[in-house]
Amino acid sequence: MLISAMNVSPTAEDSLSIGDLSVLTAASPRSLRYYEEQGLLPARRTAAGHRRYDREAVDRVALVQRLFAAGLTSTEIRPVLPGMIAEQHRTEALVIALRSHRERLREKIARQLDTIDILDEVIEEHDRV
């Protein structure tokens, strides 16, 4: 079940405040403001300047959080996010970008495993205790 299927007390505009969205996603209001600043999360403003979010923002925040957890930066997320949310925006570039990130991670892991092997050798050579 997607998070957005949960019951939420409706607001006057049937949209979510930053506090509502924070509760539903476990993302801090500060994180939500950062996502907006980075172009990852659109928000409407009330006449008083308060942020309002569509209910789809719950799933969008969950997706952004997953991509951050996967090690992508906001700069890397921004161009692929539209294609992950709406099929009509899906292009080959989306998969290429994600595969490229995965390959960079694999290379980094391989370098770290090499480092562990070297440390194991050094420890073995000098473990005379």
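Scroll up for the structure.
Just so you know, these numbers come straight off a predicted model, no measurement behind them.

Student: Help me understand the overall build of the protein in this model?
Tutor: Helix and strand counts for the protein stand at five helices and two strands. Taken from the N to the C terminus, the helices and strands of the protein come in the order α-α-β-β-α-α-α. Among the 129 residues that make up the protein, the fraction classed as buried is 26%. Within the protein, contacts between residues at least 6 apart in sequence are counted, and of these 52% link residues at least 24 apart. With an accessible surface of roughly 9,100 Å², the protein has 55% of that area assigned to carbon and sulfur atoms.

Student: What am I meant to see in the packing of aromatic side chains here?
Tutor: The geometry of two aromatic rings is summed up by the distance between their centres and the angle between their planes. For the structure shown, the criterion picks out two aromatic pairs. Taking the centre distance of 6.5 Å and the plane angle of 65° together, the rings of Tyr-34 and Tyr-35 count as edge-to-face.

Student: I keep staring at the nonpolar core and nothing clicks. Help me out?
Tutor: For soluble globular proteins, nonpolar side chains are generally found buried alongside one another. Counting 19 residues, the largest nonpolar core has Leu-21, Leu-32, Tyr-35, Leu-41, Tyr-53, Val-61 and Leu-81 as its most contacted members. Listed by contribution, the elements that provide at least two residues to this core are helix H1 (18–25), helix H2 (29–37), helix H3 (57–69) and helix H4 (74–85). Setting aside residues up to four positions removed in sequence, Leu-41 forms contacts with Leu-21, Leu-32, Tyr-35, Glu-36, Tyr-53, Ala-57, Arg-60 and Val-61.

Student: Whenever I open this one, H3 confuses me. Can you help?
Tutor: For the α-helix, the turn length of 3.6 residues means that residues three or four positions removed from each other point alike. An ideal rise of 1.5 Å per residue puts 18 Å on 13 residues; H3 measures up with 18 Å between its terminal C-alpha atoms. Among the residues of H3, Ala-57, Val-58, Arg-60, Val-61, Leu-63, Val-64 and Leu-67 are the ones counted as buried. Those residues of H3 hidden inside the fold are in contact with H1, H2 and H4. Following H3 by one or two positions, Gly-71 has its phi on the positive side, about 95°.

Student: Even after reading the chapter, I still don't get unusual backbone geometry, so can you show me in this structure?
Tutor: What is expected of a backbone is that most residues other than glycine have negative phi and most peptide bonds are trans. If you check the backbone angles, Ala-26 has positive phi at about 60° while not being a glycine. Mapped onto the elements, Ala-26 comes out in the loop between H1 and H2. Taking relative accessible area as the criterion, Ala-26 reaches 70% and is therefore assigned exposed.

Student: What's the story with the environment of Thr-91 in this structure? I'm lost.
Tutor: Within the secondary structure layout, Thr-91 lies in the loop between H4 and helix H5 (92–126). Along the primary structure Thr-91 and Val-80 are separated by 11 residues, whereas in three dimensions their C-alpha atoms are 8.9 Å apart.

Student: How should I be thinking about the pattern of salt bridges in this particular structure?
Tutor: A side chain of one charge can pair with a side chain of the opposite charge if their charged atoms are brought near each other. In this structure the tally under the stated criterion is five salt bridges. Arg-51 is the salt-bridge partner of Glu-36, the closest N and O atoms lying 2.5 Å from each other. A residue pair is termed long-range when its members are at least 10 positions apart, and Glu-36 in helix H2 and Arg-51 in strand S2 (residues 51–52) qualify at 15 residues. Residue Arg-51 is classed as partly exposed on the basis of its relative accessible area of 21%. In this structure, Arg-104 engages Glu-76 in a salt bridge whose closest nitrogen and oxygen atoms are separated by 2.8 Å. With Arg-104 in helix H5 and Glu-76 in helix H4, the pair connects residues that are 28 residues apart, well separated along the chain. Residue classification places Glu-76 among the partly exposed residues on the basis of a relative accessible area of 27%. Overlapping salt bridges, with partners in common, bring together Glu-36, Arg-45 and Arg-51 in one network.

Cut-off values and rules
- Residues numbered from 1 in each chain as written.
- Predicted model: local features only at pLDDT ≥ 70, side-chain atom pairs only at ≥ 80, totals over all residues.
- Heavy atoms only, no water.
- Helix = DSSP H or I, 4+ residues; strand = E, 2+ residues; numbered from the N terminus.
- Buried < 20%, exposed > 50% of the residue type's maximum accessible area, 1.4 Å probe, protein only.
- Contact = heavy atoms within 4.5 Å.
- Areas by Shrake-Rupley, 256 points an atom, 1.4 Å probe, with all protein chains shown as cover.
- Phe/Tyr/Trp six-rings, centres within 6.5 Å; stacked < 30°, edge-to-face > 60°.
- Core = buried A, V, L, I, M, F, W, Y, C linked by side-chain atoms within 4.5 Å.
- Expected span 1.5 Å × (residues − 1).
- Salt bridge = Lys/Arg side-chain N within 4 Å of Asp/Glu carboxyl O.

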